[in-house]
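For reference, the chains in residue letters:
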Amino acid sequence: MRNLLPVLTVLALILGIWWAAVGPMNMRAALDIAERGGAAVVPEGSVARREVSVWRLMAQNSDHVAAGYDLDRPRLPTPTQVGAELWKTTGAMVLRGRAFSKRSLINHGWITLQSTLWGFLLGTTLGILGAVAIVYSRVADMSLMPWAIISQTVPIVALAPMIIVLSNQLGIEGRGVPKAIISAYLCYFPVLVSMVKGLRSPTSSELDLLKTYNTGPVQSFFKLRLPASVPFLFTALKVGIAAALVGTIVGELPTGAISGLGARILIGDQFGTPLAIWSALFAAAILAGLLVTALDLIQRVTLKRMGFRA
Amino acid sequence: MIWIVGAVAFWLGAWALNVRIANSAVSRALPARIAVPVLFGVALLALWEGLVRGLGVSAVILPAPSQVAVTFAASTDILWVDFVQTVLKGALRGFLIGVVAAFVTAIVIDRSAFLTRGLLPIGNFVAALPIVGIAPILVNWFGFDWQSKAAVVVVMVFFPMLVNTVQGLRETDRLQRDLMHTYAAGYLQTLIKLRLPAAMPFVFNGLKIATTLALIGAIVAEYFGSPTRGMGFRISTGVGSLSIDLVWAEIVVAALAGTGFYGLVAWIEKRVTFWHPSQRG
């Protein structure tokens, strides 16, 4: 709560800069439309205007600046336009009882969310299993760890189209599976690294104590190492779920998918409807925020129950 | 059949050898630490080669590593042109602009504790967002050539770098700052002699995150329009025209570029932050 005022100030600053940028960004388009509508514009003709700087255009045609804030297909929409579009494709559709129609961002967000969660589940499982293998086996530590690091320096987007081609050829219908694989690829790494750290976090005196209790390796894993790694796990999960969402959107972007938030961005680009792109972007941001917040809540409750100091 | 058996046998043999090296007395020596992962990688490649040949997988689905290597060697001119367009022009320029802009912004913001407190949560949040989605918008604004790719990269690397630098600048403790104060050091001197060096581990953390993001941004932006060269362009057209071996060769270039870029930054980090506990021992 202490940070509320500063955060709001910075947000207002960002919105202010955004709003101020809309005028110059949209000036040329606004003048083109005004000229077609028969208004007097200096200088005439969009080719002639290309030679003139935006600032001079704004000074010479000051009464047309406002039109730039209300275009159908703006280069840069205003925050209110994006907000209105978001409401039109989510809240307004719910009110009309069509929350899952094809034009609704809730529908597309749900599709993206499903792939994200599957990828998250797959990536987290792989990350935890890998971490256990690395902590318990020196061979795995030496041979897997360097490749895990290298795997993250390989740009996944280069691989994404191949993953989709491959899974198509293997007879996997739809895009759910390849998208989940891509998001798992991005999401397993933070989990792996944190879990290795977490599983190794018990001190030697704690391990020695368990040895004096005559516990076997399985028991000491479940009684000591696993519980000790939970705080590390949650930190990683929050990074991981955001990474999984990025992965899903990357999987939807370049591959001709037709549903999902990434596909909305792609389609908005192809049909020249910037508002659709912007609203899909913000929907993705909201989704990311919701997912991270949800995990944060689970983390607080779990850690409190386990007796960690919050 | 012989291919499959051979590949699996090779893989098992390599694994057994790795087990022996890892459990031997020399396992902590540098040669062993390099040999084990290399052997692991080679064994995986051999398994891939053997399975593709043994199962007769068509080259339009999954080419064997040897075939990719042949294509790689035969089309180095194309790969070089794409590398220059995507990595040197798009990713590297965007990386430099974005990183410097974020660094300067961090130092300016840092002067106001109020703004820092407001910016950190927002920056952390934005850094976790799927910013790649902004690619089509920026391609629309800046045209098809490398400028739009660099712009996407700038936006993608800015926030992770900003957040890390701001956090790094807060790393010094009261005692250290008081010491500088007793030396009568001004703001600038304290910044250069104490706070920036102390921030370096964080700065390099941001730089390393930014290296991978830079390549992702530059390649994705090419999917939305590019001149007839570039890695993203070649990959998307290659998938369409079924020249999958060339696509894999591009993936190899992307992997090498990504690893090399990251390795370079990590190497510089080692030189700069040699004093940090994580670099010792």
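All figures in this text were calculated on a predicted structure; none of them were measured in a lab.

Asks: Run through the overall build of chain B, naming residues and quoting values.
Replies: Helix and strand counts for chain B stand at 11 helices and 0 strands. Going from N to C terminus, chain B has its helices and strands arranged as α-α-α-α-α-α-α-α-α-α-α. By the compact-globule yardstick of 19 Å for 281 residues, chain B is too spread out, its C-alpha radius of gyration being 24 Å. Projected onto the principal axes, the alpha-carbon positions of chain B cover approximately 75 × 60 × 30 Å. Residues counted as buried form 41% of the 281 residues belonging to chain B. When contacts within chain B are restricted to residue pairs at least 6 apart in sequence, long-range pairs at least 24 apart make up 76% of them.

Asks: Can you explain the environment of Arg49 of chain A? Please cite residues and give values.
Replies: All names here are of chain A. Note on placement: Arg49 falls in helix H2 (residues 46-49). When the 22 C-beta atoms within 10 Å are taken as the criterion, Arg49 is described as buried. Along the backbone, Arg49 and Ile149 are 100 residues apart, and their C-alpha atoms lie at a distance of 51 Å. In contact with Arg49, other than residues within four places in its own chain, are Arg28, Leu31, Pro43 and Leu57.

Asks: Lay out the domain arrangement of chain B in plain terms, naming residues and giving numbers.
Replies: If you check the domain split of chain B, you get domain 1 (2-57) and domain 2 (72-279). Between the C-alpha centres of domain 1 of chain B and domain 2 of chain B the distance comes to 34 Å.

Asks: Residues and numbers for unusual backbone geometry, please.
Replies: Leaving glycine aside, a negative phi is the common case for residues, and trans is the common case for peptide bonds. You will see that Asn214 of chain A, though not glycine, has its phi angle at about 65 degrees, which is positive. Within the secondary structure layout, Asn214 of chain A lies in the loop between helix H10 (204-212) and helix H11 (217-252). Classification of Asn214 of chain A as exposed rests on a count of 7 C-beta atoms within 10 Å. The backbone of Ala184 of chain B sits at a positive phi, close to 60 degrees, despite the residue not being glycine. With respect to the helices, strands and loops of the structure, Ala184 of chain B is situated in the loop between helix H8 (174-182) and helix H9 (187-223).

Asks: Requested: an account of the interface of chain B and chain A, with residues and values cited.
Replies: On the chain A side, the residues contacting the 48 residues of chain B number 45 residues. At the level of secondary structure, the elements contributing two or more residues to the side of chain B that touches chain A comprise helix H1 (2-23), helix H2 (30-54), helix H5 (113-127), helix H6 (135-142), H9, helix H10 (231-240) and helix H11 (244-272) of chain B. Grouping the amino acids of the side of chain B that touches chain A by side-chain chemistry returns 35 nonpolar, 10 polar and 3 charged.

Asks: Describe the environment of Pro161 of chain A, naming the residues involved and giving the relevant values.
Replies: Residues and elements named next belong to chain A. Checked against the element boundaries, Pro161 lands in helix H8 (residues 156-169). Residue Pro161 is classed as buried on the basis of its 24 C-beta neighbours within 10 Å. Taking the C-alpha atoms as reference points, Pro161 and Asn107, separated by 54 residues in sequence, lie 24 Å from one another.

Asks: I'd like to hear about the domain arrangement of chain A, residue by residue, with values.
Replies: If you check the domain split of chain A, you get domain 1 (4-76) and domain 2 (105-306). Distance from the C-alpha centre of domain 1 of chain A to the C-alpha centre of domain 2 of chain A: 42 Å.

Asks: Report on H5 of chain B, specifying residues and quantitative values.
Replies: Look at H5 of chain B: 21 Å from first C-alpha to last across 15 residues, which is about the 21 Å you get at 1.5 Å a residue. At Leu119 of chain B, H5 of chain B shows its largest bend, some 30 degrees, and a proline, Pro121 of chain B, comes one to four positions later. Turning to H5 of chain B, its buried residues are Gly118, Leu119, Leu120, Gly123 and Ala127 of chain B. Residues of H5 of chain B that are buried make contact with helix H1 (4-36) of chain A together with helix H4 (76-110) and helix H7 (146-169) of chain B.

Asks: I'd love a proper account of the packing of H1 of chain A against H5 of chain B, names of residues and values included.
Replies: Interaxial distance between H1 of chain A and H5 of chain B falls to 7 Å at its minimum, and their mutual angle equals 75 degrees. Classed by the angle they form, the pair H1 of chain A and H5 of chain B counts as roughly perpendicular. Here Pro6, Val7, Thr9, Val10 and Leu11 of chain A of H1 of chain A come into contact with H5 of chain B, specifically with Phe114, Leu115, Arg117, Gly118, Leu119, Pro121 and Ile122 of chain B. Grouping the amino acids of the contact of H1 of chain A with H5 of chain B by side-chain chemistry returns 9 nonpolar, 2 polar and 1 charged.

Rules used throughout
- Residues numbered from 1 in each chain as written.
- Chains lettered and ligands numbered in written order.
- Predicted model: local features only at pLDDT ≥ 70, side-chain atom pairs only at ≥ 80, totals over all residues.
- Helix = DSSP H or I, 4+ residues; strand = E, 2+ residues; numbered from the N terminus.
- Rg over C-alpha atoms; globule rule 2.2 N^0.38 Å.
- Buried ≥ 20, exposed ≤ 12 C-beta atoms within 10 Å, placed from the backbone.
- Contact = placed C-beta atoms within 7 Å.
- Domains from an automatic or database assignment.
- Nonpolar A, V, L, I, M, F, W, Y, C, P; charged D, E, K, R; others polar.
- Expected span 1.5 Å × (residues − 1).
- Bend = angle between axes of the 7 residues up to and from the residue.
- Axes fitted to C-alpha atoms, helices over the stretch in contact; angles between N-to-C directions.
- Parallel < 35°, antiparallel > 145°, perpendicular 65-115°, else oblique.

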